[in-house]
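One letter stands for each residue in the lines below.
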Amino acid sequence: MATTTLKGIGVGLRSCHYPFLELEKPSIPWLEVLADNYFCAAGPSLQHLEKIVSIYPVTLHCVGMSLGSTDPLDTKYLKKLKSLIDLVKPQLVSDHLCWTSFAGQHFHELLPLPYTEEAVVHAANRIRIVQDLLQRKIMIENVSSYLSFSHSTLTEWDFLQAVADEADCLILLDINNIYVSSHNNHFDPLQYLAALSTKRIAQFHLAGYQEFETHLLDTHGAPVYPAVWKLFNDALEKFGPIPTSIEWDNNIPDFPKLLQEARHAQKIMGKYAITA
Amino acid sequence: MPSLHELQKMFADFLNRENDDVLQHVQSSEHLSAQEHVAIYQNSVRGALQNGLKEIYPVCLKLVGEDFFLMMADEYIDQTPSHSSDLGHYGEDFADFIATFPPAESLPYLPDTVRLEWAWHTIYDAANTTRLDFQKLAACYNQEGGNIVFALPPASVLLSSPYPIHQIWEMNQADYTGEDQLTLRENQQYYLFIWRSRSNLRIDLLTELEWNVLQWIQNKLPLGQICSNLHNEYPNDSIAEILPQFISRGWLADFFIQNKPVCA
């Protein structure tokens, strides 16, 4: 397991929860902050964040590094991220193993990479540059997938592991995304967990998806599904009590509902805390 | 086998509805064709941009309803790719688009209302206002009065409209409890200063005189030039009365001396 002082179950910070967090200061070990929401010069969002980091440890989660894109790395984006890192001093920093931009156009969606040696080398090179610029290791997250490229030569799990090894970075393993991708692309999620090495896993994500007749869609708009709780249990059994955060981005409930999900996750994790 | 760059080009082309070359590299499955697999991403990309516009323009959404808003948004999205990783930067020229969107012709106040919403959105996260240094200003005023160039708060926007867009905006806020009738006046022009002082966002209704002076300040005219303009256009008004009011309202954030780093 990768070294971090974070423990237990955190939740994703969302602006609708600022008042509750600042007034009630609920007992929660840490919060995951969406970094891209705080690249502003000043203003109320940043003021709330400064208050909240004075109460809770945080991690930073990004969506805009476009680590797999063939566009040049966005150095302005990375400078803003570095400034935010200096301000909030996060325990961990992450982004997704995907691409979000091409030829200067941004798609605001986590787009899929082919699982090829070329993509391994390309993404790993960029992650190394990012880590040099940020002067720290980052975590890369597996994204939900809705297709398979016919020229992929690796499995998704081998691709994730190969990029992380080549870049010498950490992994944020999204349990919900594994489940969604396994359903959509017809693989065994346990095979995914079994193939990954323990040493790079630094954080888990849990979230809810939406079920369609033909596929599952990763919406972060529902409670964690029973099958994902089961997979979380399996992941804890293999990797130990990895710090985990609950993500909820659409139809966001009141904070107590999030706490309820966090407590359920903590209860499951509790079974593994002593032996790990 | 396409290179990574070629694949991303084809994928981007599909997302932009330009061609479907990428489909030859995507596997179909039991439930979905290759086209349907990639269309999941296409729908998500469009949904993200639609949601971004909805978040920035809630008053417009309320005024026209979801179906009409999405019809406008879809056409705007087709014409306007996003060029920032920050979704909050998307939609700056939505008002200009609406002004030329034939189905919105019967809503002539809509483009200016949308401009007000963009102004509100942008000042929310703009840099903080500095405090005007009165001691330094007093010292410089005596020596360099005519060469002083004032600066408006960084988080501020000047807007004018023939429609009472500030009232339209206010009436469509979730917590609004006032009158639900709006009186439109012929030949009226409304002047607005949308600005933020620390965390306090405001929309101030200006007189034509205040609007013009703030515009001159925004255009970095030195005080001497502003006095001259004032004398020509508003001979009954004096800068000696206007400036203290602007300062007390917090509308002036800073100043410098034209062509000099500091006053001696």
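Residues numbered from 1 in each chain as written. Chains lettered and ligands numbered in written order. Predicted model: local features only at pLDDT ≥ 70, side-chain atom pairs only at ≥ 80, totals over all residues. Heavy atoms only, no water.

**Brief notes about the overall build of chain A**
In terms of regular secondary structure, chain A is built from 9 helices and 12 strands. Referenced to the eigenvectors of the C-alpha coordinate spread, the extents of chain A come out at roughly 55 × 40 × 40 Å. In chain A, the share of contacts with a sequence separation of at least 24, taken over all contacts with a separation of at least 6, comes to 80%. Carbon and sulfur atoms form 53% of the exposed surface of chain A, whose accessible area is close to 10,600 Å². If the 21 positive side-chain charges of chain A are averaged to one point and the 30 negative ones to another, these points end up 9 Å apart. (Helix = DSSP H or I, 4+ residues; strand = E, 2+ residues; numbered from the N terminus. Contact = heavy atoms within 4.5 Å. Areas by Shrake-Rupley, 256 points an atom, 1.4 Å probe, with all protein chains shown as cover. Lys, Arg positive; Asp, Glu negative; His and termini not counted. Charge placed at Lys NZ, Arg CZ, Asp CG, Glu CD.)

**Quick look at the overall build of chain B**
Secondary structure summary: chain B contains 10 helices and 5 strands in total. For 264 residues, the compact-globule formula gives about 18 Å, and the C-alpha radius of gyration of chain B, at 25 Å, lies well above that figure. For chain B, the spread of C-alpha atoms along the principal axes amounts to about 80 × 50 × 30 Å. Going through the 264 residues of chain B one by one, you find that 46% of them count as buried. (Rg over C-alpha atoms; globule rule 2.2 N^0.38 Å. Buried < 20%, exposed > 50% of the residue type's maximum accessible area, 1.4 Å probe, protein only.)

**Here's the deal with the nonpolar core**
If you look at the biggest cluster of nonpolar residues, it comprises 105 residues, and the most contacted ones within it are A:Met65, A:Leu81, A:Leu173, A:Phe204, A:Phe232 and B:Phe11. Per-element tally for this core: the top contributor is helix α9 (residues 255-273) of chain A, with 8 residues. With residues near it in sequence (within four places) discarded, B:Phe11 still touches A:Trp99, A:Leu111, A:Pro112, A:Leu147, A:Phe149, B:Val22, B:Val38 and B:Tyr41. Counting residues in each nonpolar core, the second largest holds 29 residues, with B:Phe150, B:Leu206, B:Leu243 and B:Phe255 among its members. (Core = buried A, V, L, I, M, F, W, Y, C linked by side-chain atoms within 4.5 Å.)

**A short note on the sheet that holds strand β4 (residues 200-206) of chain B**
Within a sheet, adjacent strands bond to each other through the backbone by hydrogen bonds, running parallel or antiparallel. Residues and elements named next belong to chain B. The strand order β2-β3-β4 describes an open sheet built from 3 strands, whose pairing is antiparallel. Lying at the two open borders of the sheet, with one neighbouring strand each, are β2 (156-161) and β4. Taking the axes of each pair of neighbouring strands and ignoring which way they run, one obtains an average angle of 20 degrees across the sheet. In this sheet, β4 lies alongside strand β3 (residues 190-197) in antiparallel orientation, the contact comprising 7 bridges. (Pairing = 2+ DSSP bridges. Axes fitted to C-alpha atoms, helices over the stretch in contact; angles between N-to-C directions.)

**Points about helix α10 (residues 239-249) of chain B**
All names here are of chain B. Where α10 is concerned, the buried positions are Ile-239, Ile-242, Leu-243 and Phe-246. Viewed end-on, α10 has its buried residues packed into an arc of 95 degrees, placing them on one side of the element. Exposed and facing more than 90 degrees away from the buried side of α10 are Ala-240, Glu-241 and Ser-248. The inward-facing, buried residues of α10 contact β1 (148-151), α8 (208-218) and α9 (223-233). For α10, the capping residue at the N-terminal end is Ser-238, with a side-chain oxygen 3.0 Å from the backbone nitrogen of Ala-240. (Arc of directions from axis to C-beta. Polar contact = N/O pair within 3.5 Å; in protein donor to acceptor, adjacent residues only side chain to side chain.)

**Examining the interface of chain A and chain B**
Facing the 41 residues of chain A at the interface are 43 residues of chain B. With both chains or domains summed, chain A and chain B bury close to 3,700 Å², and 64% of this area falls on carbon and sulfur atoms. Together, A:Phe102, A:His108 and A:His151 form the three largest contributors to the area buried by chain A at its contact with chain B, with a combined 16%. Summed over the shared surface of chain A and chain B, the result is 0 salt bridges. Inspection of the region where chain A meets chain B yields 15 residue pairs in polar contact (both at pLDDT 80 or more). Going through the elements one at a time, α2 (44-53), β5 (99-102), β6 (105-111) and α4 (117-134) of chain A are the ones with two or more residues in the side of chain A that touches chain B. (Buried area = accessible area lost by both parts, 1.4 Å probe. Salt bridge = Lys/Arg side-chain N within 4 Å of Asp/Glu carboxyl O.)

**Description of the sheet that holds strand β9 (residues 201-206) of chain A**
Residue and element names in this part refer to chain A. Ordered by their spatial adjacency, 8 strands build a closed barrel running β1-β2-β3-β4-β7-β8-β9-β12, and the pairing between neighbours is parallel. The mean inter-strand angle of the sheet, taken between neighbouring strand axes irrespective of direction, is 30 degrees. Here strand β7 (residues 139-141) runs beside strand β8 (residues 170-174); their pairing, made up of 3 bridges, is parallel. Along β8, the bridge assignment pairs Ile-140 with Ile-171. Here α9 sits on the sheet and contacts β1 (9-12), β9 and β12 (244-246); the angle it forms with β1, its principal contact strand, is near 150 degrees.

**What about the pairing of strand β2 (residues 31-34) of chain A?**
Residue and element names in this part refer to chain A. Going residue by residue along β2, you find Leu-31 and Val-33 tucked away on one face and Glu-32 and Leu-34 tucked away on the opposite face as well. Chirality of the crossover, the property in question, places the unit of β1, helix α1 (residues 18-24) and β2 among those that are right-handed. Examined bridge by bridge, β2 and strand β3 (residues 58-61) share 4 bridges and lie parallel to one another. Opposite Leu-31, over in β3, you have Val-58 as the bridge partner. The parallel pair β2 and β3, bridged by α2, forms a crossover whose chirality is right-handed. (Right-handed = clockwise from strand over helix to strand, strands pointing away.)

**Observations concerning the packing of aromatic side chains**
Ring pairs (aromatic) are described by centroid distance and by the angle formed between their planes. Residue and element names in this part refer to chain B. The final tally for this structure, using the stated rule, is 31 aromatic pairs over all chains. When the ring of Phe-193 is compared with that of Trp-251, the centres are 5.6 Å apart and the planes differ by 70 degrees; the resulting orientation is edge-to-face. On the criterion of sequence distance, the pair formed by Phe-193 in strand β3 and Trp-251 in the loop between α10 and β5 (254-257) is long-range, its members being 58 residues apart. Each member of the pair, Phe-193 together with Trp-251, is buried. Grouped by ring-pair contacts, the aromatic residues Tyr-57, Phe-68, Phe-69, Tyr-76, Tyr-90, Phe-94, Phe-97, Phe-101 and Trp-118 constitute a single cluster. The ring of Phe-255 has Lys-136 sitting right over it, with the charged end atom 5.2 Å from the ring centre. (Phe/Tyr/Trp six-rings, centres within 6.5 Å; stacked < 30°, edge-to-face > 60°. Lys NZ or Arg CZ within 6 Å of the ring centre and 35° of its normal.)

**Describing the pattern of salt bridges**
When their charged atoms lie close together, side chains carrying opposite charge are able to pair. Applying the stated rule across the entire model yields 17 salt bridges over all chains. The residue A:Lys51 makes a salt bridge to A:Glu22 at a minimum N-O spacing of 3.6 Å. Here A:Glu22 lies in helix α1 and A:Lys51 lies in helix α2, a separation of 29 residues in the sequence. Taking relative accessible area as the criterion, A:Glu22 reaches 14% and is therefore assigned buried. Here B:Asp78 ties to B:Arg17 by a salt bridge, and the two come within 3.8 Å at their closest N and O atoms. In this pair, B:Asp78 sits in helix α3 (residues 58-79) while B:Arg17 sits in the loop between α1 (4-15) and α2 (34-56), placing the two residues 61 residues apart along the sequence. Since its relative accessible area comes to 47%, B:Asp78 is described here as partly exposed.

**Re the pairing of β5(B)**
Residue and element names in this part refer to chain B. Because side chains alternate across β5, one face comprises the buried residues Phe-255 and Ile-257, and the other comprises Asp-254 and Phe-256, none of which is buried. Bridging between β1 and β5 involves 4 bridges; their strand directions are antiparallel. Note that in β5 the partner of Val-149 across the bridge is Phe-256.

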